[in-house]
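# Structure assessment
What follows is each chain in one-letter form.
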Amino acid sequence: MKRLGIGLQMYTLREELEKDFKGVLREVAALGYEGVEFAGYYDTPATELKQLLDELGLKAIGSHVSVEKLRDHLQGEIDYLKTIGGKYLICPYVAPEDRQTPDDWKTKFAFFAQVAAEAKKQGLQFLYHNHEFEFEMDVDGRTAFDALYASTNPDEVQVELDVCWVQFSGNDPIAYIGKYAGRLPLIHFKDFTKDEAGKIVTLELGLGDVNLDQVIQAAERAGAEWLIVEQDRCQKAPLTSIANSMNWVKEHYTQVHQ
């Protein structure tokens with residue numbers, strides 16, 4: 001099986017990026033991450049960012065782009081992503097006011113299908129990234145998560161599965177990886193526990209409740225391309241947390257393959 005790439009979702013470092021976008025990218029590369037998934041470009045021109053990524057040997061995996069930007073600035077987002085060498089255009093979130101009813105979800109499914117078709121036409125791939133709420137409402141007898149993929153073209157609308165949120169929702173991330181094998185290029189590789197109130201607490205890899213070794217094995221079987229490390233809220237300095245998570249990856253990814 002093909003070795004998975006190890007990337008980082010830059011949202012993890014959002015506060016640091018606001019202060020020194022290019023310097024933080026240099027630190028990410030120095031830690032051994034092979035690719036980055038963006039969540040904003042911090043006013044950096046695309047050609048300038050492409051030059052820096054090439055210098056650092058970092059692959060632009062793709063970018064999280066809000067529903068609003070997909071609606072109002074789609075061509076600009078496509079052009080930027082293509083310039084930096086990215087492939088994946090990813091919707092990361094649907095706001096609560098836009099998902100009150102099954103019909104709200106159906107409206108979003110149709111919108112995603114339109115965006116995905118245009119992205120495909122221009123050489124990019126559209127993905128949707130889940131949280132827990134996609135598993136909390138049914139749409140025509142399926143969860144909103146499954147209904148999205150049942151109602152759209154598999155070649156155009158693909159999956160970025162966040163294993164942390166799948167498990168937090170009460171579902172089995174390993175089963176979901178298998179269910180969407182072949183339609184699942186990117187996996188958000190995360191760990192978490194719950195606090196006393198049952199709220200999610202995202203942790204460095206290896207410190208929480210997700211069976212990460214099984215995730216790796218399932219991801220490879222499913223034909224995924226990238227494991228993308230993310231920690232929504234770090235319990236330590238974020239650069240320390242992503243360094244510790246990378247250390248876990250280096251140790252355990254090797255062990256899994258022995």
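Now for a description of the structure that goes with this document. (Residues numbered from 1 in each chain as written. Predicted model: local features only at pLDDT ≥ 70, side-chain atom pairs only at ≥ 80, totals over all residues. Heavy atoms only, no water.)

## What about the nonpolar core?
Met10, Phe38, Ile84 and Phe189 are the most contacted members of the largest nonpolar core, which totals 82 residues. If you tally residues by element for this core, the top one is helix H5 (residues 102-121), at seven residues. (Core = buried A, V, L, I, M, F, W, Y, C linked by side-chain atoms within 4.5 Å. Buried < 20%, exposed > 50% of the residue type's maximum accessible area, 1.4 Å probe, protein only. Helix = DSSP H or I, 4+ residues; strand = E, 2+ residues; numbered from the N terminus.)

## Quick look at the packing of aromatic side chains
Scanning the model with the defined rule gives 20 aromatic pairs in all. A centroid spacing of 5.9 Å and a plane angle of 50° characterise the contact between Phe111 and Phe112, whose relative ring orientation is tilted. Neither residue differs from the other here; Phe111 and Phe112 are each classed as buried. Look at Phe135 and Tyr176: their rings are 5.4 Å apart centre to centre, the planes differ by 85°, and that puts the pair in the edge-to-face class. Linking Phe135 in the loop between strand E5 (125-129) and strand E6 (138-139) with Tyr176 in helix H8 (residues 173-179), this pair joins segments that are 41 residues apart in sequence. Judged by relative accessible area, Tyr176 falls into the buried class, the value being 9%. Aromatic rings pair up to connect Phe21, Phe38, Tyr41, Tyr42 and Tyr80 into one cluster. In this structure, Arg14 packs its charged tip against the face of Tyr11, placed 3.9 Å from the ring centre. Of note, Arg99 hangs over the ring of Phe133, and the distance from its end group to the ring centre comes to 3.4 Å. (Phe/Tyr/Trp six-rings, centres within 6.5 Å; stacked < 30°, edge-to-face > 60°. Lys NZ or Arg CZ within 6 Å of the ring centre and 35° of its normal.)

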